[in-house]
Amino acid sequence: ILVYTSGTTGKPKGAMHRHSALVCTARGYNLLIARSEQDECMCFLPLCHIAERMGGEYYSLYTGAKLNFVENPDTVPENVREIAPTVFTAVPRVWEKFYSGVTIALKESTRLQQAAYAWAIGVGRQIAERVLAGQPVPGSLKARFTLARWLVLDNVRKMIGIHRARYLVTGAAPISPELVKWYLSLGVPMLEVWGMTETCGASTGVPATRIKPGSIGPAAGFNQVRLDAATGEIQVKGPNVFAGYLNLPEKTAETFTADGWLRTGDVGTVDADGFYRITDRMKDIIITAGGKNITPSELENELKFSPYVTDAVVIGDKLPYLTVRSEE
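Cut-offs and rules
- Residues numbered from 1 in each chain as written.
- Predicted model: local features only at pLDDT ≥ 70, side-chain atom pairs only at ≥ 80, totals over all residues.
- Heavy atoms only, no water.
- Core = buried A, V, L, I, M, F, W, Y, C linked by side-chain atoms within 4.5 Å.
- Buried < 20%, exposed > 50% of the residue type's maximum accessible area, 1.4 Å probe, protein only.
- Pairing = 2+ DSSP bridges.
- Helix = DSSP H or I, 4+ residues; strand = E, 2+ residues; numbered from the N terminus.
- Arc of directions from axis to C-beta.
- Contact = heavy atoms within 4.5 Å.
- pLDDT = per-residue confidence, 0-100.
- Axes fitted to C-alpha atoms, helices over the stretch in contact; angles between N-to-C directions.
- Parallel < 35°, antiparallel > 145°, perpendicular 65-115°, else oblique.
- Left-handed = near helix turned anticlockwise from the far one by under 90°.
- Salt bridge = Lys/Arg side-chain N within 4 Å of Asp/Glu carboxyl O.

Some thoughts on the nonpolar core
Link 1 in the chain: Core analysis: the biggest nonpolar cluster contains 60 residues, and Phe88, Trp95, Trp182 and Tyr183 have the highest contact counts within it.
Link 2 in the chain: The next biggest cluster of nonpolar side chains, apart from the first, holds 13 residues, and it includes Trp194, Met196, Ile234 and Val236.

Next comes the structure, spelled out in C-alpha cells:
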C-alpha cells in the first residue's frame, strides 16, 4: 500500500509498505494491546492516515473486532456515546476536548454535584497514584472507589462515552501527563503509543501493567528502537519499517542512517526500564539568544490542559525570552 505523509516538511511523500510489514505490525499490535471479536472500536480518523488504516481497519480485520464508522467528523462526541467502544484510540486533541467538556459542565452544576465530583475524583486520584507507583491498593480504598464510581465517576464516563472501555489509546502528538492521570482516576487506563507513517504506525507503546504518564513506553516487540548518541534522535529498525518513498530514491536515502536505521526526526530520552520519552521534534527545538535549548511542546501541553485554551504556541527562537500565543 501507499500512505502519503502529511507534507509538514515539504511535499507529501508516498511511503511504500509491503504486505509482510502490515501483517507483522498487526500481529505485534495484538501483543501490545490485545483485541478480540468481543471488542468494539470506532473509526473517525481518515483512512489515508496510517494510524486509522493500520490500527483501525487492518487491525480489526486481523482480530475480528467490530469497527464502527462515524457519520461525520462533527458527530464524533455523539457517536462515541452511542457506540461506547471497548478500546478507543484517539489523538490528544480529542481527549482534551472531552476533559474540557466535563470541566465546563461541572462549573454549571450545583454545589452538591461539584462537591460530590471533587470527592469522587480525589478517591480516583489516590487509586491512580498507587497504580502508577506500583503499590497495592488497600481494600478500604477499593470500597470507596466503588462508591465513587457508583455515585459520580460512572456518570462522567457515560457522558464521554468511555464507560465500557478497557483501554484508551493516545498517539500522533504529545499529551499532558496530567490528562493521562485524570482518565486513570476515572478508572480507565490510557496507554500512549508512538510511531509514524514510515514505521507502519505504532513503534513503541506503554503496557497496561506499567503506565508511566509522559512516556511512550518501550520498543514494541516487532522492532528495535535506539537513541542517536550525538543528537538524541530516536531511530527505528525492523520489518515494520517502510520500503522507501515512491519514486524518491534521494529522499529515501536521506531517511536512513549508514547502518540502516530509520531517522524519525523526534528527539527523546530513555530511562533505566527502557521507556522512551519524546522531548520534541528536532526541527521544533527553540534556541534562545542566550543559547538555551527549549523544547516547546512540554510548555504548550501544560497550557492546553486548561479547558479554556484550545491551542498554544511557544515563541522564542533567537530571542532573549519566551512568549506564548494561545487560542481560547
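Some details on the pairing of strand 9 (residues 224–227)
Link 1 in the chain: Across four bridges, strand 9 lies against strand 10 (residues 233–237) in antiparallel orientation. Paired with Val225 across the strands is Val236, a residue of strand 10.
Link 2 in the chain: Remark: five residues form the turn of the hairpin made by strand 9 and strand 10, two consecutive strands paired antiparallel; Gly232 in that turn has positive phi of roughly 80°.

A closer look at helix 3 (residues 76–83)
Every α-helix winds through 3.6 residues per turn, so residues three or four apart in the chain are directed the same way.
Link 1 in the chain: Among the residues making up helix 3, those that are buried are Val76, Asn79, Val80 and Ile83. Angular distribution of buried residues about the axis of helix 3 spans 105°; they occupy a single face of the element.
Link 2 in the chain: In the core, the buried residues of helix 3 are packed alongside strand 3 (40–43), strand 4 (66–69), strand 5 (87–90), helix 4 (92–107) and helix 6 (139–160).
Link 3 in the chain: Phi for Ala84, located one or two positions after helix 3, is positive at around 50°.

With respect to the confidence of the model for the protein
Link 1 in the chain: On average, residues of the protein score 88 in pLDDT, and 88% of them are at 70 or above.
Link 2 in the chain: Confidence, read as mean pLDDT per element, is least for strand 14 (residues 286–287) in the protein (54) and greatest for strand 9 (96).

Observations concerning the packing of helix 4 against helix 6
Link 1 in the chain: In the contact formed by helix 4 and helix 6, the axes pass within 10 Å of each other and the chain directions differ by 125°. As judged from the angle between their axes, helix 4 and helix 6 are oblique. Handedness of the crossing formed by helix 4 with helix 6: right-handed. When helix 4 is examined against helix 6, the residues Phe98, Gly101, Val102 and Ala105 are found in contact with a partner set consisting of Val156, Met159 and Ile160.

With respect to the pattern of salt bridges
Link 1 in the chain: Summed over all chains, the structure comprises 11 salt bridges.
Link 2 in the chain: Asp271 is the partner of Lys212 in a salt bridge, and the nearest nitrogen-oxygen pair spans 2.7 Å. Here Asp271 lies in the loop between strand 12 (262–270) and strand 13 (276–281) and Lys212 lies in the loop between strand 8 (201–205) and strand 9, a separation of 59 residues in the sequence.
Link 3 in the chain: The exposure class assigned to Asp271 is partly exposed, which follows from its relative accessible area of 32%.

What to know about the sheet that holds strand 11 (residues 244–245)
Link 1 in the chain: What the three strands build is an open sheet, ordered 1-2-11; its pairing is antiparallel. The open sheet has two edge strands with one neighbour each: strand 1 (2–4) and strand 11.
Link 2 in the chain: Where strand 2 (residues 14–16) and strand 11 come together, two bridges link them in antiparallel fashion. Among the inter-strand pairings, Met16 is bridged to a residue of strand 11, identified as Gly244.

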